[in-house]
Amino acid sequence: DTGVSQNPRHKITKRGQNVTFRCDPISEHNRLYWYRQTLGQGPEFLTYFQNEAQLEKSRLLSDRFSAERPKGSFSTLEIQRTEQGDSAMYLCASSQEQGEFPYEQYFGPGTRLTVT
Amino acid sequence: DQQVKQNSPSLSVQEGRISILNCDYTNSMFDYFLWYKKYPAEGPTFLISISSIKDKNEDGRFTVFLNKSAKHLSLHIVPSQPGDSAVYFCAARGTASKLTFGTGTRLQVTL
């Protein structure tokens, strides 16, 4: 088990372009979360999946954001028509909601997005 | 509204001494609390957690205390080591298992 992985680690894009990030959770984890972290703040919840179903989206997630988790495995987060305010670290986390430790979420290294 | 607050942005402690990081919350519906440690350019790493039905949980050098009546929790690290230098986030579990994080405390352990 190699933990949660995210790709790419860094992305620089021009305003108005679309970007897509990928997250591969810990293999036996059925929940997957996306968070966003800006400078000086803690991570803020964006959305989460139980298997392949997207169960909740934060009001932070505007219509330009879309997330998928096909077949309940990896997940992608797409941002369309990026804006400078989208510049942040995008973090993915996974957890196993059954078992001994149902609430601990394990984070990936994040994707740092810079919109110029 | 900041439901989870870490009022000390930074803390400096001498190696071998105790580090105490504090966290306050406002939402009484939170039922599980976690501490994460974060190094630069990495994601947060889970450290220790506590259920709202307990008042203490210990794991090696790390102990978390929960005072539900005061809506306050603290993380004690003893003895502190230089490798503990990082940003520490307090997080609380609410509805749908989503976590609400504080703004973090930067711990510097000096020699």
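These notes cover the structure that comes with them. Keep in mind that this is a model prediction, so the values were computed, not measured.

A few words on the state of the cysteines. Residue and element names in this part refer to chain B. Summed over the entire model, instances satisfying the criterion amount to two disulfides over all chains. The residue that forms a disulfide with C23 is C90, at a sulfur-sulfur distance of 2.1 Å. Residues C23 and C90 share a disulfide whose torsion about the S-S bond is about -70°; that sign makes it left-handed. Here the residue C23 occupies a position in strand 3 (residues 19-25), and C90 occupies one in strand 9 (residues 86-93), the gap between them amounting to 67 residues. For the pair C23 and C90, a shared accessibility class is recorded, and that class is buried.

We now examine the pairing of strand 3 of chain B. Residue and element names in this part refer to chain B. Burial along strand 3 is one-sided: S19, L21, C23 and Y25 are buried, and none of I20, N22 and D24, which face the opposite way, are. Across two bridges, the pairing between strand 1 (residues 4-5) and strand 3 is antiparallel. Bridging across to strand 3, K5 finds its partner in D24.

The description of two aromatic rings rests on the distance between their centres and on the angle between their planes. Scanning the entire structure with this criterion turns up 17 aromatic pairs over all chains. An angle of 50° between the planes, with centres 5.7 Å apart, marks the rings of B:Y36 and B:F101 as tilted. Taken together, the residues span a long stretch of sequence, with B:Y36 in strand 4 (residues 32-38) and B:F101 in strand 10 (residues 99-101) at a distance of 65 residues. Its relative accessible area of 5% is what places B:F101 among the buried residues. Each member of the aromatic cluster is reached from another via a ring pair, and the members are A:Y33, A:Y35, A:F45, A:Y48, A:Y106, A:F107, B:Y36, B:F46, B:F89 and B:F101. Seen from the ring of A:F74, A:R22 lies directly overhead, with NZ or CZ sitting 3.9 Å from the centre.

We now examine the sheet that holds strand 3 (residues 19-24) of chain A. Residue and element names in this part refer to chain A. Strands sit in the order 1-3-8-7 across an open sheet of four strands; the sheet is antiparallel. In this open sheet, the two strands that pair with only one neighbour each are strand 1 (5-7) and strand 7 (65-68). The mean inter-strand angle of the sheet, taken between neighbouring strand axes irrespective of direction, is 15°. Bridge analysis of strand 1 against strand 3 gives three bridges, and the strand direction is antiparallel. The residue of strand 3 that forms the bridge with Q6 is C23.

All names here are of chain A. In this fold, S87 is placed in the loop between strand 8 (75-79) and strand 9 (88-95). We classify S87 as partly exposed; its relative accessible area is 26%. Measuring from C-alpha to C-alpha, the distance between S87 and K11 comes to 9.7 Å, with 76 residues separating the pair along the chain. Discounting chain neighbours no more than four positions away, the residues touching S87 are T38, L113, T114 and V115.

Turning next to unusual backbone geometry. For the bond from A:N7 to A:P8, the omega torsion is -10°, close enough to zero to count as cis. Relative to the elements of secondary structure, A:P8 occurs in the loop between strand 1 and strand 2 (10-13). Going from B:V78 to B:P79, the amide bond is cis rather than trans, its omega being -5°. When you line up the elements, B:P79 lands in the loop between strand 8 (72-77) and strand 9. Here the phi dihedral of B:A41 falls at roughly 65°; this positive angle occurs in a residue that is not glycine. You can call B:A41 exposed: its relative accessible area is 51%. Positive phi, normally seen in glycine, also occurs at B:K71, with a value near 55°. Along the chain, B:K71 turns up in the loop between strand 7 (62-67) and strand 8. Its relative accessible area of 26% is what places B:K71 among the partly exposed residues.

Rules and cut-offs
- Residues numbered from 1 in each chain as written.
- Chains lettered and ligands numbered in written order.
- Predicted model: local features only at pLDDT ≥ 70, side-chain atom pairs only at ≥ 80, totals over all residues.
- Heavy atoms only, no water.
- Disulfide = S-S within 2.5 Å.
- Helix = DSSP H or I, 4+ residues; strand = E, 2+ residues; numbered from the N terminus.
- Buried < 20%, exposed > 50% of the residue type's maximum accessible area, 1.4 Å probe, protein only.
- Pairing = 2+ DSSP bridges.
- Phe/Tyr/Trp six-rings, centres within 6.5 Å; stacked < 30°, edge-to-face > 60°.
- Lys NZ or Arg CZ within 6 Å of the ring centre and 35° of its normal.
- Axes fitted to C-alpha atoms, helices over the stretch in contact; angles between N-to-C directions.
- Contact = heavy atoms within 4.5 Å.

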